[in-house]
Amino acid sequence: MENIIGQLYSRDSKRPIPYNYRKKLIAKSRNCSYITERCIEVPNTYNKIFASVWVNNDHVVVGTKCNRLLEINVQNGTKREIPLMRSPYPREIPEPAAGIHAIALNPSKSFMATGGHNVNDLALYSLPDYQPYAVGEFHHNWLFGISWINDFMLCTGARDGNICLWTIFDVEGFSTYEESCGIHRKTPIEILKTEGIVRIRDTHYNPVCERLGTVGYGVGKYDAKVCLVDVRQPLQKRVMDLPQKEENIVISGHDTSPVFAVGSLSHLMLIDDRDPNTTDITSVKVLEPAQGIRSLSFQGDVITIGACKTSLMFYDVRNRKYVNDHNDNPVKRCLKQGYVAENWDWHTHRYSFFPQLTSEIISIMTHCYDDSGLRLFAAGGPLPLDLIGNYASIWE
């Protein structure tokens, strides 16, 4: 049977899959087995790296659970902190603060969107000098997902269950300039309700099908759902129940096909969005002993999976199997270093983790490829909620 991505490519382009395209993907698949870890030391005052993005060839910006933005030079290891943006009319900051869960650049890399000093706010910085540009105020709970639709419009999803559409333009009624602090205050140009989802955990825009994918939960603890919203016609939505119910907190999309991937506690789920009248969700069990998918990304037909215990895995959606090494075994990479603080909470957990390796405590909570696709930045921290620590590295 022809695989799912092959069907998409052939059907959508009306021509067979070209040989050079196959060769390129095979080369990417094989390269997965040769990557090695180069650790980057992060000060132990930073707790759990939740989000990351390459801003240029040498620098990555990360966001942490302790609600801080840090620029890291991956060549020489130097770092500088980016001040968080504050609203001129600050709202009450929720307790406990959830930290920065999302960072995204627009296609031209002229703006960076992330969380603000108030974890419910959207913050927009102009690049390359991180000049504060605008703060977006609407969400009433933690901001979890940010996705750019194009160079001037973006969507956010939050724990309040709302999807908000924003623009960087000064639209009357939706943007005001505050001379006292030199930034714009923005409100959403449109607010979308996701039917059945009351807590959004992540968002991802797929330009192929022009749909925004959101993953989250309904009223029940295990009421896991995914919602696909047509950004051209926001009232056109598809809401689907996910077969895997636990810890569905990350979604990503294919580069060139209308396919989404969702990560859960124990499975990777693939969602085919070609036909709006059908629901095709394929579940793939993660490799043992991996647990808790925390980050996903597509590079061609290869999905990079960040998790705990087995830090990095690679799944080939074209061949419907994990990428194998030269011995025909699935490629699995475990981190070798990382920082875990011996705070009082550590003693609560030490009997369940000690004397296990650091790789069995720390999870890859975020990862991103540079423009060449040859360097992978991966970061995270200890998975248990109360443990403090961090991890950052380049895999190449």
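Heads up: the structure comes first, above all this text.
The shown structure was predicted, so the numbers you read here are calculated from the model rather than taken from an experiment.

1. Re the environment of T187
Working step 1: With respect to the element layout, T187 can be found in the loop between β14 (183-186) and β15 (190-193).
Working step 2: Between the C-alpha atoms of T187 and S175, which are 12 residues apart in sequence, the distance is 6.5 Å.

2. A word on the pattern of salt bridges
Working step 1: Going through the model one piece at a time under the given rule, you end up with 18 salt bridges.
Working step 2: A salt bridge links E81 to R68, with the nearest nitrogen and oxygen atoms 3.1 Å apart. Here E81 is found in strand β5 (residues 79-82), whereas its partner R68 is found in the loop between β3 (59-64) and β4 (69-73), with 13 residues between them in sequence.
Working step 3: By relative accessible area, E81 is classed as partly exposed at 39%.
Working step 4: Judged by relative accessible area, which is 23%, R68 ranks as partly exposed.
Working step 5: Among the ionic pairs, K225 bridges to D241, the shortest N-O distance being 2.6 Å. Remark: D241 occurs in strand β19 (residues 237-241) and K225 occurs in strand β18 (residues 224-230); sequence separation between them is 16 residues.

3. Things to note about the nonpolar core
For soluble globular proteins, the rule of thumb is that nonpolar side chains tend to be buried together.
Working step 1: Judged by nonpolar contacts, the single largest core of 19 residues is most densely connected at L268, L296, I303, I305, M313, Y315 and Y322.
Working step 2: At the level of secondary structure, the elements contributing two or more residues to this core comprise β21 (259-263), β22 (267-272), β24 (291-299), β25 (302-308) and β26 (312-316).
Working step 3: Contact partners of L296, with chain neighbours within four places excluded, come to V250, S252, A261, V262, G263, L268, I303, T304, I305 and H367.

4. Things to note about the pairing of strand β9 (residues 131-136)
Working step 1: Note: strand β8 (residues 122-126) against β9, five bridges, orientation antiparallel. Bridge pairing links S126 to Q131 in β9.
Working step 2: Taken together, β8 and the strand that follows it, β9, pair antiparallel across an intervening segment of four residues, in which Y130 is found at a positive phi of about 60 degrees.

5. Let's talk about the sheet that holds β22
Working step 1: Read from one edge to the other, the open sheet built from four strands follows the order β20-β21-β22-β23, with strand pairing classed as antiparallel. The outermost strands of the open sheet, each flanked by one partner alone, are β20 (250-253) and β23 (280-285). Ignoring strand direction, the axes of neighbouring strands in this sheet form an average angle of 20 degrees.
Working step 2: Of the pairings in the sheet, the one linking β22 to β23 comprises six bridges and is antiparallel in character. Considered in β23, the bridge of I271 is made with I281.

6. Observations regarding the side chain of N106
Working step 1: Note on placement: N106 falls in the loop between β6 (103-105) and β7 (111-115).
Working step 2: Looking at N106, the relative accessible area reads 2%, which means it is buried.
Working step 3: For N106, the side chain forms a polar contact with the main-chain nitrogen of F111, separated by 3.0 Å.
Working step 4: A polar atom in the side chain of N106 sits 3.1 Å from the backbone oxygen of D151.
Working step 5: For N106, the contacting residues outside a window of four places in its chain are F111, W148, N150 and D151.

Criteria and cut-off values
- Each chain carries its own residue numbering, running from 1 in the written order of its sequence.
- Per-residue local features are limited, in this predicted model, to residues with pLDDT of at least 70; the limit for side-chain atom pairs, both in listing and counting, is 80 or more; totals at the level of whole chains, interfaces and linings are taken over all residues.
- Values reported for side chains reflect all heavy atoms of the structure, with hydrogen atoms and water molecules removed beforehand.
- Think of it this way: any DSSP run of H or I at least four residues long counts as a helix, any run of E at least two long counts as a strand, and we number them from the N terminus.
- Each reported salt bridge corresponds to a side-chain nitrogen of Lys or Arg within 4 Å of a carboxyl oxygen of Asp or Glu.
- Exposed residues in this analysis have more than 50% of their type's maximum accessible area, buried residues have under 20%, and partly exposed residues fall in between, with area computed by a 1.4 Å probe over protein chains only.
- The set of buried Ala, Val, Leu, Ile, Met, Phe, Trp, Tyr and Cys residues whose side-chain atoms join them within 4.5 Å is what this entry labels a nonpolar core.
- In what follows, a contact means two residues having at least one pair of non-hydrogen atoms within 4.5 Å.
- Any two strands with at least two DSSP-identified bridges between them are counted as paired.
- Convention adopted: a line fitted to C-alpha atoms gives each axis, helices being fitted over their contacting stretch, and angles between N-to-C directions are expressed from 0 to 180 degrees.
- Within 3.5 Å is the distance limit for a polar contact, defined as a pair of N or O atoms, with the added protein rule that one can donate a hydrogen and the other accept it, and that residues adjacent in sequence qualify only through two side-chain atoms.

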